[in-house]
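Fold and contact review
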Amino acid sequence: MIASVKAVLIAVTLFFCFAATYGQQARTVTEAVQLIGLPGLKENSKGRLTVINGTLRFIHPQGNADVTASSIQDVVTGTDSQRVIGGTLGTLTLLAPFGSGRVLSLFRTKLDTLTIRYRDADGGLHGVIFTVPLGKAELIKQELIAQGAHTSIPTQADSKTPAADSKEK
Amino acid sequence: MRLNFRNPVIFSALLAICFAGSPSGAQENQSAKTQASAIQVMMIGADGIPVPAEFQVSLYENLIDQLQKKGVFQHVYRDGDRNALAAPDLIALQCTVQNFQKGSEKVRQVTTVAGATSVTLRCQFSDKGGNSLVERNITGNVRFFGGNLKATYDFAKKAANVAGENFSAVPGRNSHPTGP
């Protein structure tokens, strides 16, 4: 009898654990690079981006940076691209003989950009730019809007207007 | 005629001219600067020119960053910051995009000569009463290395230099850490 009660308790506990975990995973969590804008963070900081409890959270090795969704005045998505081989190594490949470095520049991965503008407690305007994998920016934008953020470009179709189009020529 | 530095008269005369010239030049430079302890950077205006949102934000954030690093002003306030109202000698900086040409990093790296990104902004420094103190067109470029947004960094550095050439912090005040 006691063994069956224990088994039931364990099953119930496990059920709640799985439910909670599943609830967390249902939110979009994506790899991201903060290009500029978050206070106290260096440019090109890598981390993960998610929307949780009405807050845009950038999780990075030094901690978390939060921006309340309701303080966000504008969320805009765009697209960009970057070299497959980037950084210092990418720069060095440009010196490779017979123009082979230039050929490597043709291999690029597409990215989404997520640009937000928000006001701090003093009313000061901040801007933050993230790059995220292709297709993720729009999901985060939708989640932010659902939690109280504002946008000047409400739908994905409208984001293809010239003002927001950031595709490389 | 060969200049002979062993001639003491000529040598001392040259030295006298050098020493007399430099301090007065520096004083003129110093007096030409407007004294101000705080600046408020307004959001970048586009003036009908289609500029991607990330460029506007990058221009704004880089500008604030460079002004803080330059250290010309004791305080660098953001657009809308209520604390700026208390600053007695506040300078407002409004930059508006005049020309924007988006290049391509890929084209730059492949061709070297093409694909440059260029952004020109009209920067207006004005006092609390709205009187324009300095107006300048400043261009930011990226021609070879770096992404397109590097043009915004180039612009910000030049704009901070313009601020440094024209303004200085009020002497005799405690220097506080810059900006929010």
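Note that this is a predicted model, so its numbers are computed, not measured.

**A few points about the overall build of chain A**
Each helix and strand counted, chain A has four helices and seven strands in total. Along chain A, helices and strands appear, N-terminal first, in the series α-β-β-β-β-β-α-α-β-β-α. Restricting the contact set of chain A to residue pairs at least 6 apart, pairs at least 24 apart contribute 59%.

**Observations concerning the environment of A:Leu125**
Locating A:Leu125 in the fold gives a position in strand 7 (residues 125-133). Taking the number of C-beta atoms within 10 Å as the measure of exposure, A:Leu125 has 19 and is therefore partly exposed. A sequence separation of 88 residues divides A:Leu125 from A:Gly37, and the C-alpha atoms of the two residues are 11 Å apart. Ignoring sequence-local partners within four residues, the contact set of A:Leu125 consists of A:Arg117, A:Arg119, B:Met43, B:Arg78, B:Asp79 and B:Gly80.

**Structural notes on unusual backbone geometry**
All names here are of chain A. For Asn44, which is not glycine, the phi torsion reads 60° and is therefore positive. In this fold, Asn44 is placed in the loop between strand 1 (29-36) and strand 2 (45-52). Note on Asn44: 11 C-beta atoms within 10 Å, which makes it exposed.

**Quick notes on the nonpolar core**
All names here are of chain B. Ile39 and Leu67 are the most contacted members of the largest nonpolar core, which totals 63 residues. Looking at this core, the element that brings in the most residues is helix 2 (residues 53-70), giving eight residues. The contact partners of Ile39, leaving out residues within four places of it in the chain, are Leu67, Phe73, Val76, Tyr77, Ile91 and Leu93.

**Thoughts on the confidence of the model for chain B**
Residue and element names in this part refer to chain B. Per-residue pLDDT for chain B averages 83, and the proportion of residues at 70 or more is 77%. In the predicted structure, residues 21-29 sits below a pLDDT of 50 and forms zero contacts with residues beyond four places in sequence or in another chain. Counting contacts from residues 172-180, a segment whose pLDDT is below 50, to residues more than four positions away or on other chains yields 22 contacts. Taken together, the chains of this predicted complex give a pTM of 0.77 and an interface ipTM of 0.77.

**Here's the deal with the sheet that holds strand 5 (residues 117-126) of chain B**
Residue and element names in this part refer to chain B. Taken in spatial order, the five strands of this open sheet run 3-2-4-5-6, and their pairing is mixed. Sheet topology places strand 3 (75-78) and strand 6 (132-142) at the edges, where each strand pairs with a single neighbour. With strand direction ignored, the average angle separating the axes of adjacent strands in the sheet is 25°. Judged from the nine bridges that link them, strand 4 (residues 90-101) and strand 5 form a sheet pairing that is antiparallel.

**Side note on the interface of chain A and chain B**
Listed per partner, the contact involves 29 residues of chain A and 25 residues of chain B. At the level of elements, strand 1, strand 5 (72-83), strand 6 (108-119) and strand 7 of chain A are the ones that each hand at least two residues to the side of chain A that touches chain B. A per-element tally of the side of chain A that touches chain B places strand 6 of chain A first, with five residues. For the side of chain A that touches chain B, a count of residues per class yields 10 nonpolar, 11 polar and eight charged.

**With respect to helix 2 of chain B**
Residues and elements named next belong to chain B. Given a rise of 1.5 Å per residue, 18 residues ought to cover 26 Å, and the 26 Å separating the end C-alpha atoms of helix 2 matches this to within 8%. Most of helix 2 is tucked away, with 13 of its 18 residues classed as buried. Count one or two residues on from helix 2 and you reach Gly71, which has phi positive near 70°.

**A short note on helix 4 (residues 150-166) of chain B**
Taking 1.5 Å as the rise per residue, helix 4 of chain B with 17 residues should run 24 Å; its terminal C-alpha atoms sit 25 Å apart, in good agreement. Residues of helix 4 of chain B that are buried in the fold lie against helix 2, strand 5, strand 6 and strand 7 (167-168) of chain B.

**Section: the pairing of strand 4 (residues 63-68) of chain A**
Successive side chains on a regular strand alternate, one facing one side of the sheet and the next facing the other. Residues and elements named next belong to chain A. Here strand 3 (residues 55-60) runs beside strand 4; their pairing, made up of six bridges, is antiparallel. Along strand 4, the bridge assignment pairs Arg57 with Asp66. Hairpin remark: strand 3 followed by strand 4, antiparallel, with two residues in the connecting loop.

**Looking at the environment of B:Gly146**
Along the chain, B:Gly146 falls in the loop between strand 6 and helix 4. Sequence separation between B:Gly146 and B:Asn62 is 84 residues; the distance between their C-alpha atoms is 15 Å.

The rules behind each value
- Residues numbered from 1 in each chain as written.
- Chains lettered and ligands numbered in written order.
- Predicted model: local features only at pLDDT ≥ 70, side-chain atom pairs only at ≥ 80, totals over all residues.
- Helix = DSSP H or I, 4+ residues; strand = E, 2+ residues; numbered from the N terminus.
- Contact = placed C-beta atoms within 7 Å.
- Buried ≥ 20, exposed ≤ 12 C-beta atoms within 10 Å, placed from the backbone.
- Core = buried A, V, L, I, M, F, W, Y, C linked by C-beta atoms within 7 Å.
- pLDDT = per-residue confidence, 0-100.
- Pairing = 2+ DSSP bridges.
- Axes fitted to C-alpha atoms, helices over the stretch in contact; angles between N-to-C directions.
- Nonpolar A, V, L, I, M, F, W, Y, C, P; charged D, E, K, R; others polar.
- Expected span 1.5 Å × (residues − 1).

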